[in-house]
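What follows is the residue order along each chain.
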Amino acid sequence: MRKIFCLRCNKEMKCIAREKLQLGQTGWILGDLPNLLAGALDAEIFTCSQCGKIEFYLPENSENDVPQVQCPECGNKHDFDYPRCPICKYDYK
Ligand SMILES: [Zn+2]
Ligand SMILES: [Zn+2]
């Protein structure tokens, strides 16, 4: 379990729950994450016992389910959000 410290009090925050957030209903919490895709998202909820602050974090070991694409040049698969193939540098433009 990683350690998270409160930004205000510098006190170690405690993980109180790990939940699946249903995107769409609770999307406001994580609204500025760039990769909000449809579906549920695992989140760990930490609180600071000193000031009561609550923070949501993505679990460290959360599965990376970024869609994969296959490079037409070299045939290797990689995350869809590369502007170029990371293996052969094929340019998707
Ligand atoms: Zn605090
Ligand atoms: Zn390639």
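Look a little higher up for the structure.
Anyway, here's the lowdown on the structure attached to this text.

Turning next to the overall build of the protein chain. Helices and strands together make up the secondary structure of the protein chain, namely zero helices and six strands. Order of helices (α) and strands (β) in the protein chain, N terminus to C terminus: β-β-β-β-β-β. When burial is assessed residue by residue, the protein chain has 6% of its 93 residues classed as buried. Within the protein chain, contacts between residues separated by at least 24 positions form 33% of all contacts whose residues are at least 6 apart in sequence.

So, about unusual backbone geometry. Positive phi values are uncommon outside glycine, yet Asn10 reaches one of about 65 degrees. Of the residues examined, Asn10 has 9 C-beta atoms within 10 Å and is grouped as exposed. Phi is positive for Lys89, close to 65 degrees, though the residue is something other than glycine.

Here we come to the environment of Lys89. Here Lys89 lies in the segment after strand 6 (77–79). Put simply, Lys89 and Cys71 are 18 residues apart on the chain and 9.6 Å apart in space, counted from C-alpha to C-alpha.

Here the focus is the environment of His78. Take His78: it is sitting in strand 6. For the pair His78 and Val66, spaced 12 residues apart in sequence, the C-alpha to C-alpha distance is 9.1 Å. Every residue in contact with His78, bar those within four places of it in the chain, is listed here: Gln68, Val69, Cys71, Cys85, Pro86 and Ile87.

Quick look at the environment of Tyr82 now. Note on placement: Tyr82 falls in the segment after strand 6. Spatially, the C-alpha atoms of Tyr82 and Gln68 are 10.0 Å apart, while their sequence positions differ by 14 residues.

Scoring rules and cut-offs
- Residues numbered from 1 in each chain as written.
- Chains lettered and ligands numbered in written order.
- Predicted model: local features only at pLDDT ≥ 70, side-chain atom pairs only at ≥ 80, totals over all residues.
- Helix = DSSP H or I, 4+ residues; strand = E, 2+ residues; numbered from the N terminus.
- Buried ≥ 20, exposed ≤ 12 C-beta atoms within 10 Å, placed from the backbone.
- Contact = placed C-beta atoms within 7 Å.

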